[in-house]
Structures are given as structure tokens and as C-alpha cells.
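Residue-level listing of the chains:
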Amino acid sequence: HVHPDKHEKRDAVVETIVDTVYAEATGVAPSSAASVAPSSTPVVEVAASVATTPQVQVEVAAASSAAQVTAASSSSSSSSSGNGFGFSYSPYLANGNCKSQAEVDSDFATIGDGYSLVRIYGVDCNQTATVLSAAKAKGLKLFAGIYDITDLTGAVETIVAAANGDWSSFDTVSVGNEIVNGGGSAATVIAAIGTVRTLLTAAGYTGKVGTVDTLVAARANPGLCDASDVCTVNCHPFFDGNVAADGAGDFLETQIPTLRAVLSDQSQEIVITETGWPWKGDTNGLAVPSTANQEAAISSIRSKFASSPSSVILFTVFNDLWKTNNAAQFNAEQYWGFLGYAPSG
């Protein structure tokens, strides 16, 4: 299967370079070591041989154990009534193939209460329809996405078909993900937002439309937020290198005002559309991947945003075995799932 708009970790890690002390002091935003363009083919991870080894089984068990603690704490703090945290989800099997409706449903059946929204990234794999169905069953809103902005009309038609005249479960439609941070043109993205808004309005959609980029890219190009109905940015404390897991929430809390200060409308809603911590991978300065640290980071984020949980989308609900680990992302690409491995594979 070919998924031209399947998101690689560029949506979260490769190009998500958050500020260091130097950048804050100088006003110079850091740049990525490498730019990764969207792939035209799925990333296939051949994990079958390692998934059965004792070491991996222990790691999976540890991740699942920590995830259960996180899930339990979330269910006691809020409900799926529109006032909980969000989470991101990708409907791809470990081999890169699309998940069926039944497989998506089986994944969602293991997600506890305490969430209000699910974020997806594209329209391939019929994911707008399959995830929308699963989200409705749990009382969740959908943060839909158009990853490939070269066919806006086709993408909007897919979203409109999935809605089938009922937009009540849609919260936001994102046009692109980290395009400017990946080297794309802000002007192109802003024009695409306008095109999609016009097409969706004609189809009866009255919800929010905008683009998602990194906090650094949005701060350097505030027009991205000015053109959006909500300012949506990805921000990962892990990649700063100067932040320990238990400081993740504090880091986000200090970064948001630096973005708000450059917006035309400084009262505009800001939503962190990706943040989390890997449970496995290489150390990045003070940032150490482990199940305990993942739990500590997410606990820190939940604590800092307890009064506004709907302003944070946790990355990500399940591990992404369809991605490929590499040193540029500290070999953590697959291991951000705070509920461990997806039941459907």
C-alpha cells in the first residue's frame, strides 16, 4: 500500500527542534540537523523477528505497566465530555499497511476514559472515516488532518464524505503538519488554509481550520497562526536536551508565552498538538528515555495543564512500529506510545 500523506516523525521529532537556552538568549531559532521530506511510500518496519525475543517482551511489559498507571490517573481526572486531554493516533499496522475499521475499533476499545479528542494526520487509509467512527463511539471529538497539501480538493472531498453531513464530532481540520519547519513556504501554507476553509465552508463545516507547525516555526512565522482559527503547535521537551522528564510541563509552560508574544491576536487560543516522552531510545542530554521517565513527563504535563486539558494533545497513544528508528531521533522513533503497543499490531 502506498500512503502519500502518511506522516513520518517529521511531524514530531526530526524537525521538531524546541528552544535551547542559547536560542532564547539570542533570539535565533535552532535548526534541524537534517530535513526530511514527506515520503511517497510507507515506512515499513520489519519487527517480527525482534518482537518475539525475551528482551523485547520485557520492554513491552514494562511499557504497558507504566501506561496503565498513566491511563488510570487520566480516567480519574476527567471524562470524555470535551474537557479532557487529547491524544494522537495513526491507523497503520507495523508493516505499514492500513488498519481496517475493526482494527481501529479494537485499538480504541483499550483506551480508557479521560480524553476529549483524537488527532489524526491525513486522509489516506480511509482514516477520517474509520477513526471518526471509533471516536464517536467513545464520545471523542476528531482533530482531522490534511497531510499532503498538493491535492486539497481531493482531501477535502474525502473529509466531507466521511462527515456525511454531520460535522458535530469534528473539532479542527489541520492543513499540513510542520511544513514550514521542514523547509516549506509559509505563504503556500497560508494560501492552502484559505482554500480549505472555503471548500469546507461550502460543505457546511463551521469548525476550526488552521495549520500545525512546530512552536519554533510558528514563532518565527506568526502569520501561520494569524491565518488559522486556532494556533496549533508541536512542542517536545525531550528534544531540547536541557529538560529532564519531570520538567516537561514546566518547559511547555515557559515556551507558550514566547509564541503568544508575537501573535497579532495575543488572546488567540493556543493548542499544543504534540508533546510527550519516549519510553525507549538514546539519551539526549538531560532527557533520558525510560518507562519511568515517560510516566514522569506525562504526569508533569497533566499537572501543569490540569485546568486546561483540552489545550494539549499527547503524543502518542500507541507505539508506531511502522516508523524507522535512527540516530537523528535518538532511536526513539517507534517508542512514544504511552499506552504501549496497539492491540491490532
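This structure is a prediction, so every number in the text was calculated from the model and none was measured.

**Side note on the packing of aromatic side chains**
For the structure on display, the rule yields 17 aromatic pairs. Aromatic pair Phe87 and Tyr115: ring centres 5.3 Å apart, planes at 85°, arrangement edge-to-face. With Phe87 in strand β1 (residues 85-88) and Tyr115 in strand β2 (residues 115-119), the pair connects residues that are 28 residues apart, well separated along the chain. The class for Phe87 is buried, based on a relative accessible area of 0%.

**Quick word on the pairing of β1**
Residue alternation in β1 divides its side chains into two sets, Phe85 and Phe87 and Gly86 and Ser88, and both sets are buried. As defined by bridge partners, β1 adjoins β2 across four bridges and the pair is classed as parallel. Along β2, the bridge assignment pairs Gly86 with Leu117. Read from β1 through helix α4 (residues 101-109) to β2, the crossover connection turns out right-handed. Where β1 lies against strand β8 (residues 312-314), two bridges are found, and the strand directions are parallel.

**A closer look at unusual backbone geometry**
With an omega dihedral of -10°, the bond running from Phe315 to Thr316 counts as a cis peptide bond. Take Thr316: it is sitting in the segment after β8. Even without a glycine there, the phi angle at Asn126 is positive, about 55°. Taking relative accessible area as the criterion, Asn126 reaches 46% and is therefore assigned partly exposed. Here the phi dihedral of Asn164 falls at roughly 55°; this positive angle occurs in a residue that is not glycine. When you line up the elements, Asn164 lands in the loop between α6 (152-163) and β4 (170-177).

**Observations regarding the packing of helix α10 (residues 248-260) against helix α11 (residues 291-304)**
Where α10 contacts α11, the axes come no closer than 6 Å and their chain directions differ by 45°. In terms of axis orientation, α10 runs oblique to α11. Across the interface between the two elements, Ala248, Gly249, Asp250, Leu252 and Glu253 from α10 touch Ala297, Ser300, Ile301 and Lys304 from α11. Among the residues making up the contact of α10 with α11, the classes are represented as four nonpolar, two polar and three charged.

**Some remarks on the pattern of salt bridges**
What the rule picks out here adds up to nine salt bridges. A salt bridge links Lys304 to Asp250; the shortest N-O distance between them is 2.9 Å. Linking Lys304 in helix α11 with Asp250 in helix α10, this pair joins segments that are 54 residues apart in sequence. Lys304 gets classed as partly exposed once you look at its relative accessible area, which sits at 35%. Residue Asp250 is classed as partly exposed on the basis of its relative accessible area of 35%. Counted as one network, the salt bridges with shared partners bring together Asp171, Lys208 and Glu269.

About the thresholds
- Residues numbered from 1 in each chain as written.
- Predicted model: local features only at pLDDT ≥ 70, side-chain atom pairs only at ≥ 80, totals over all residues.
- Heavy atoms only, no water.
- Phe/Tyr/Trp six-rings, centres within 6.5 Å; stacked < 30°, edge-to-face > 60°.
- Helix = DSSP H or I, 4+ residues; strand = E, 2+ residues; numbered from the N terminus.
- Buried < 20%, exposed > 50% of the residue type's maximum accessible area, 1.4 Å probe, protein only.
- Pairing = 2+ DSSP bridges.
- Right-handed = clockwise from strand over helix to strand, strands pointing away.
- Axes fitted to C-alpha atoms, helices over the stretch in contact; angles between N-to-C directions.
- Parallel < 35°, antiparallel > 145°, perpendicular 65-115°, else oblique.
- Contact = heavy atoms within 4.5 Å.
- Nonpolar A, V, L, I, M, F, W, Y, C, P; charged D, E, K, R; others polar.
- Salt bridge = Lys/Arg side-chain N within 4 Å of Asp/Glu carboxyl O.

Everything listed here is a matter of geometry and, on its own, says nothing about what the molecule does.
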